[in-house]
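# Understanding the architecture of this molecule
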Amino acid sequence: MSRLVDNKRPRNATKSAGIRKGRFAGGMDASFARFNASISFDKRLYKEDVLGSIAHVRMLGRRKIIPSKDARAIEKGLKEVLADIEQGRFEFREDLEDVHINIEEALRVKIGDAAGKLHTARSRNDQVALDLRMYVKEQTRQVMAALMELMSAVTDTARRNTRVIMPGYTHLQRAQPVRLSHHLMAYFHMFRRDWERFRDAWPRVNEMPLGSAALAGTTFGVDRESVAADLGFETVSENSMDAVSDRDFVVEFISNSAMVMMHLSRLAEELVLWSSQEFGFCTLPDAFCSGSSIMPQKKNPDACELIRGKTGRVYGDLVTLLTMLKGLPLAYNKDLQEDKEPLFDCVDTVKACIAVMAAMVPEIEFHADRMLEAASDPGLAATDLADRLARQGVPFREAHELVGSLVRESGVSGANSGIPSPEEMVEARRHPGGTSLANVRKQIEQAQEFLAHSAAGLPGKRSR
Ligand code: ARG
């Protein structure tokens, strides 16, 4: 019988290639070659790598560090390599270790030995730092744009449900009536702060590290500012050792994403609860639910649960980065290669979760009658009854005790003294930040203004 799984072992030999030619007697052990190679994941940085190299080589040419005809040939070759990759004509090779060597080797195949001049005044250490910063900048833009979509979806849903009244909870016990729109707008504010955190991190990722070379800088007369300008960076890094070993901007990106995930997860959790038979506050759209393979009646809130579940991955990505960095002496250490997989995982996860939530929220069907019924529980009026007594001069503590014992003995309905309606209670909270209709409308207006105003303020190529 043939095996379902074969147990062949790989052979142990690789040829000496690329950057090993001078210093090393032989090739890597096959197990180490695979272990050492990052191409399977860092190929994602191909575009940043090529564009960074083009800016670098233009500068080398301008500064006459290499002949300008070589610089032109290299730029032309790099553009062809980029086109090859983008049109699927490029084969990334594991024996060439990482994206940087793969692209340099492809350039050599295209233009010959002049390709070897590209790496003048540069190291993979500042090269990878540059690639990563360019990548994080682009992803910051994308996540900020996605957060805008999500905030619009939340605000719009709140606007369409301004009048719906539901119980607000503390300790997951019915507490006081609130407007559904007020509850939803709380999430707008979480996502707004998240958006602001990405914006606030922008100037720190916007520093151009190239020119730091391996760690100490370079003996060539480089013009770092022009490279920075070419690549849309605001400033150049001020310390070469910091520049090649700094991954704070990756930590910040993941940390900001972890906060987004935490907020998404709280919303997801509420939707799981609200859509349960026990609550019955809403019906989630079929398009975002799945069935059970055994129980025909089931409609499960999988989208929400996956968002809640994936939050742990992003927290894991953050802890991975922080832990990887904590013991590193300056400057570059190969440990830093381990920054990419958690970053990429974080990017994919946070973008997918934001997109799913933004698409799902506007399609949720809220059950206003059921929510109002739950909000009409007389217990929810207890605070307002105590407030009423306090307004008549009873010290609030005493009023609290009075209403409390009433509830203990016979429930609030026993008060029999004109219990305010949920509508009256939410409308009584008229101050800024309260749940009255006028206030919620004002919040929504301000949110719409933020959305219109800040959309134009997305970090551009050059601005902060
Ligand atoms: N693949 C490496 C990384 O991702 C590139 C930098 C390699 N530098 C070095 N000195 N080995 O970190």
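In this report, the structure presented in the accompanying data block is examined. For every chain, the first residue of the written sequence is number 1, and numbering continues from 1 along that sequence. Under the rules for a predicted model, residues below a pLDDT of 70 receive no local features and side-chain atom pairs below 80 are neither given nor counted, while totals for whole chains, interfaces and linings still include all residues. The side-chain figures draw on all heavy atoms in the structure; neither hydrogens nor water molecules are used.

## Details of empty space enclosed by the protein
A cavity, in this analysis, means grid points on a 1 Å lattice covering only the protein atoms where a 1.4 Å probe fits yet has no way out; a pocket is instead an open set bounded by protein on both sides within 12 Å along at least five of seven lines, and a residue lines either one if it has an atom within 4 Å of a point. Grid points are joined across faces, edges and corners, and a volume is the space filled by probe spheres set on the points. Taken as a whole and assessed by the stated rule, the structure comprises two cavities of 30 Å³ or more. Counted as a void, the largest cavity has a volume near 60 Å³. As for the largest cavity, its lining consists of Val136, Thr140, Phe198, Ala201, Trp202, Val205, Phe249, Glu252, Phe253 and Asn256. Of all elements in the fold, only helix H6 (124-160), helix H7 (180-205) and helix H10 (248-274) reach the threshold of two or more residues within the lining of the largest cavity. Gly is placed with the polar residues, together with every amino acid not listed as nonpolar (Ala, Val, Leu, Ile, Met, Phe, Trp, Tyr, Cys and Pro) or charged (Asp, Glu, Lys and Arg). Of the residues in the lining of the largest cavity, the class split is seven nonpolar, two polar and one charged. Lining the second largest cavity are His56, Met59, Ala121, Met208, Leu210, Gly211, Val222, Arg224 and Val227. Helix and strand definitions follow DSSP, with helices as H or I runs of at least four residues and strands as E runs of at least two, each counted in order from the N terminus. At the level of secondary structure, the elements contributing two or more residues to the lining of the second largest cavity comprise helix H3 (46-62) and helix H8 (224-230).

## Notes on the packing of helix H14 (residues 382-391) against helix H15 (residues 396-410)
It is the contact of H14 with H15, at a shortest axis distance of 8 Å, that shows an interaxial angle of 135°. As far as their axial angle goes, H15 and H14 are oblique. The interaxial crossing formed by H14 with H15 has right-handed handedness. Two secondary-structure elements touch here, H14 through Ala382, Leu385, Ala386, Asp387, Leu389 and Ala390 and H15 through Phe396, Ala399, His400, Leu402 and Val403. Among the residues forming the contact of H14 with H15, the class breakdown is nine nonpolar, one polar and one charged. Throughout, an axis means a line fitted to C-alpha atoms (over the contacting stretch in the case of helices), and angles, computed between N-to-C directions, take values from 0 to 180 degrees. In these notes the angle categories are as follows: under 35 degrees is roughly parallel, over 145 is roughly antiparallel, 65 to 115 is roughly perpendicular, and the rest is oblique. By convention, the crossing between two helices is left-handed when the near helix turns anticlockwise from the far helix through less than a right angle, and right-handed when the turn is clockwise. The contact rule is simple, with two residues in contact once any of their heavy atoms fall within 4.5 Å.

## Observations concerning the environment of alanine 287
For alanine 287, the location among the structural elements is in the loop between strand E5 (282-283) and helix H11 (302-326). Taking C-alpha positions, alanine 287 is 9.4 Å from alanine 303, a pair spaced 16 residues apart along the chain.

## Description of unusual backbone geometry
Here leucine 330 and alanine 331 are connected by a cis peptide whose omega angle stands at 0°. The phi angle at lysine 64 is positive, at roughly 60°, despite the residue not being glycine. Positionally, lysine 64 belongs in the loop between H3 and helix H4 (68-86). For histidine 171, which is not a glycine, the phi torsion comes out positive at approximately 55°. The residue histidine 171 is located in the loop between strand E1 (165-170) and strand E2 (173-179) in this model.

## Here we look at the nonpolar core
By size, the foremost hydrophobic cluster in this structure holds 77 residues, and its most contacted members are Leu147, Leu264, Trp274, Leu343 and Met357. Counting residues per element, the ones that place at least two in this core are H6, H7, H10, H11, helix H12 (340-360), helix H13 (368-375) and helix H17 (437-455). Tallying contributions element by element places H10 first for this core, with 14 residues. Contacts of leucine 343, omitting those with residues within four sequence positions, involve Leu132, Tyr135, Val136, Val250, Phe253 and Ile254. Residue types Ala, Val, Leu, Ile, Met, Phe, Trp, Tyr and Cys, when buried and joined through side-chain atoms within 4.5 Å, form a set referred to as a nonpolar core. Here's how the labels work: a residue is buried when its accessible area is under 20% of the maximum for its type, exposed when over 50%, partly exposed in between, all with a 1.4 Å probe on protein chains only.

## A closer look at the site of the ligand
Near the ligand the following residues occur: Ser38, Asp42, Asp98, His100, Arg124, Asn125, Val128, Tyr332, Gln337 and Lys340. Any pair of N or O atoms that falls within 3.5 Å is considered a polar contact. Within protein, one atom must be able to donate a hydrogen and the other to accept it, and sequence-neighbouring residues count only if both atoms are side-chain atoms. Separating a nitrogen atom of the ligand from a side-chain N or O atom of aspartate 98 is a distance of 3.0 Å. Its free accessible area being 340 Å², the ligand has 87% of it covered by the protein chains. Considering every element that reaches the shell around the ligand, the biggest residue donor is H6, with three residues. By convention in this text, a residue qualifies as near a molecule or strand provided that one of its non-hydrogen atoms is within 4 Å of it. To be clear on the numbers: accessible area is Shrake-Rupley with a 1.4 Å probe, and residue cover counts the displayed protein chains and nothing else.

## A word on the side chain of asparagine 36
Among the structural elements, asparagine 36 can be located in helix H1 (residues 30-36). At a separation of 2.9 Å, a polar atom in the side chain of asparagine 36 contacts the side chain of lysine 334.

## Focus: H14
Helical periodicity: at 3.6 residues per turn, an α-helix aligns residues three or four positions apart in one direction. Of the residues making up H14, those classed as buried are Ala382, Asp384, Leu385 and Ala386. The positive-phi residue at the C-terminal boundary of H14 is glycine 393, with phi of around 105°.

## Some thoughts on the pattern of salt bridges
We count a salt bridge whenever a side-chain nitrogen from Lys or Arg sits within 4 Å of a carboxyl oxygen from Asp or Glu. Enumeration over the complete set of coordinates arrives at 33 salt bridges. The residue arginine 159 makes a salt bridge to aspartate 156 at a minimum N-O spacing of 3.3 Å. In this pair, arginine 159 and aspartate 156 are both assigned in helix H6, three residues apart and thus about one turn of the helix distant. Using a relative accessible area of 40% as the deciding quantity, one classes arginine 159 as partly exposed. Aspartate 156 sits in the partly exposed class, given a relative accessible area of 34%. The partner of glutamate 252 in a salt bridge is arginine 204, with the nearest N and O atoms 2.8 Å apart. Pair noted here: glutamate 252 is in helix H10 and arginine 204 is in helix H7, with a separation of 48 residues, a long-range link. With a relative accessible area of 43%, arginine 204 lands in the partly exposed category. Residues joined by salt bridges that share partners form a network here, namely Lys76, Glu80, Asp84, Arg89 and Lys110.

## Quick look at the environment of valine 57
Residue placement: valine 57 occurs in helix H3. Using a relative accessible area of 0% as the deciding quantity, one classes valine 57 as buried. Separated by 16 residues in the primary sequence, valine 57 and alanine 73 place their C-alpha atoms 9.8 Å from one another. Sequence-distant contacts of valine 57, that is, excluding residues within four places in its chain, are made with Ile66, Ala71, Ile74, Glu75 and Leu118.

## Remarks on the packing of aromatic side chains
For this analysis, a ring pair means two rings from Phe, Tyr or Trp (six-membered ring only for Trp) whose centres lie within 6.5 Å, classed as stacked if their planes differ by under 30 degrees, edge-to-face if by over 60, and tilted for the remaining angles. Counted under the stated rule, the structure contains 10 aromatic pairs. Each ring, one from tryptophan 274 and one from phenylalanine 281, has its centre 6.4 Å from the other, and the planes form 55°; the classification is tilted. Phenylalanine 281 gets classed as buried once you look at its relative accessible area, which sits at 1%. Plain terms: the ring middles of tryptophan 274 and phenylalanine 366 are 6.5 Å apart, the flat faces sit at 70° to each other, and that makes the pair edge-to-face. Within this pair, whereas tryptophan 274 is found in helix H10, its partner phenylalanine 366 is found in strand E6 (residues 365-366), the two being separated by 92 residues in sequence. The same class applies to tryptophan 274 as to phenylalanine 366, namely buried. Counting as a charge over the ring demands two things of the Lys NZ or Arg CZ atom: a distance within 6 Å of the ring centre and an angle within 35 degrees of the ring normal. When the ring centre of phenylalanine 24 is taken as reference, the NZ or CZ atom of arginine 23 above it lies at 5.9 Å. In this arrangement the basic side chain of lysine 137 is found over the ring face of phenylalanine 233, its NZ or CZ atom lying 4.1 Å from the centre.

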